[in-house]
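Listed below, chain by chain, are the residues.
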Amino acid sequence: MRRAALLGGAAVLAAGPALPAALDLAIELPQLDVPRYHRPYLAAWVETGAGEPAATLAVWYDTRLRDDLGEGWLKELRQWWRAEGEALDLPADAISGATRAPGRHDLRFGAEGGPLAELPPGSYVLKVEAAREKGGREVLSLPFDWPVPGEAQGAGQTELGAVRLTVSR
């Protein structure tokens, strides 16, 4: 019995300490062939399996407009606005940012700080919503388990291109 206990302890030591989880998000904004292109406003957030808001990861909007007029247009991100945006004080540190040009944008969120620091283990849905002036609005949903390593991906039809979520340790 003593030998089995020693072997079990050796296995735990060999495994080493658990590394903190991280969520990597790759969002592609497509180049649209339109007469006047406006960069989209975008929100990325996490909801519980029951649809309750758990954490806002990123909000991209026109932060340069006078008198915070860019914040007024965030209501066009309807799902996010109803879920979390209306109650969020903007600009929010480490969440708010300027709109982005077409192309791939990589974001990383660690469990040790930021919006995921208080997220308990469980099943969640990542939501990414984009809306563009004189354009459309689109929402993608990607289910994932936190902090279980895995990957989920999807693609939009107009305002969003490929979106990939990777949970790693």
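This structure is a prediction, so every number in the text was calculated from the model and none was measured.

Caption draft 1: The sheet that holds strand β2 (residues 41–48), seen in detail. The strand order across the open sheet formed by 5 strands is β4-β3-β2-β6-β7, and the pairing between neighbours is mixed. In the strand order of this sheet, the two ends are held by β4 (96–97) and β7 (137–146), each with one partner. Relative to β4, strand β3 (residues 53–60) is paired through 2 bridges, and the arrangement is parallel. Paired with Trp60 across the two strands is Gly97, which belongs to β4.

Caption draft 2: Region of interest: the sheet that holds strand β1 (residues 22–29). Sheet architecture is open: 4 strands sit in the order β5-β1-β9-β8, paired in antiparallel fashion. Lying at the two open borders of the sheet, with one neighbouring strand each, are β5 (103–110) and β8 (150–155). Pairs of neighbouring strands in the sheet enclose a mean axial angle of 10 degrees, with direction left out of account. Relative to strand β9 (residues 162–168), β1 runs antiparallel, the two being bridged by 6 bridges. Note that in β9 the partner of Ile27 across the bridge is Val163.

Caption draft 3: Molecular detail of unusual backbone geometry. Omega for the peptide link from Trp146 to Pro147 comes to 0 degrees, which places this bond in the cis form. Looking at where Pro147 falls in the secondary structure, it is placed in the loop between β7 and β8. Here the phi dihedral of Lys134 falls at roughly 60 degrees; this positive angle occurs in a residue that is not glycine. Residue placement: Lys134 occurs in the loop between β6 (122–131) and β7.

Caption draft 4: Spatial organisation of the side chain of Thr56. As for its position among the elements, Thr56 is in strand β3. A distance of 3.2 Å separates a polar atom in the side chain of Thr56 from a polar atom in the side chain of Trp80. Of the polar contacts made by the side chain of Thr56, one reaches the side chain of Glu84; its length is 2.6 Å. Residues in contact with Thr56, not counting those within four places in the same chain, are Ala44, Trp45, Trp80, Glu84, Leu88, Ile95 and Pro115.

So, how was this worked out
- Numbers given for residues are sequential positions, taken from 1 along each chain in its written order.
- At least 70 in pLDDT is required for a residue's local features to be given in this predicted model, at least 80 for side-chain atom pairs to be given and counted, and no such filter applies to totals for whole chains, interfaces and linings, which use all residues.
- Only hydrogens and water are set aside when side-chain values are computed; all heavy atoms of the structure are taken into account.
- Paired strands, as defined in this entry, are two strands with at least two bridges between them according to DSSP.
- Secondary structure counts use DSSP, requiring at least four H or I residues in a row for a helix and at least two E residues in a row for a strand, with both numbered from the N terminus.
- Comment: axis = line fitted to C-alpha atoms, over the contacting stretch for helices; angle = value between 0 and 180 degrees taken between N-to-C directions.
- In protein, a polar contact means a hydrogen-donor-capable atom and an acceptor-capable atom, both N or O and within 3.5 Å, with residues adjacent in sequence counting only if both atoms are side-chain atoms; elsewhere, any N or O pair within 3.5 Å suffices.
- Contact definition: two residues touch when any of their heavy atoms are within 4.5 Å.

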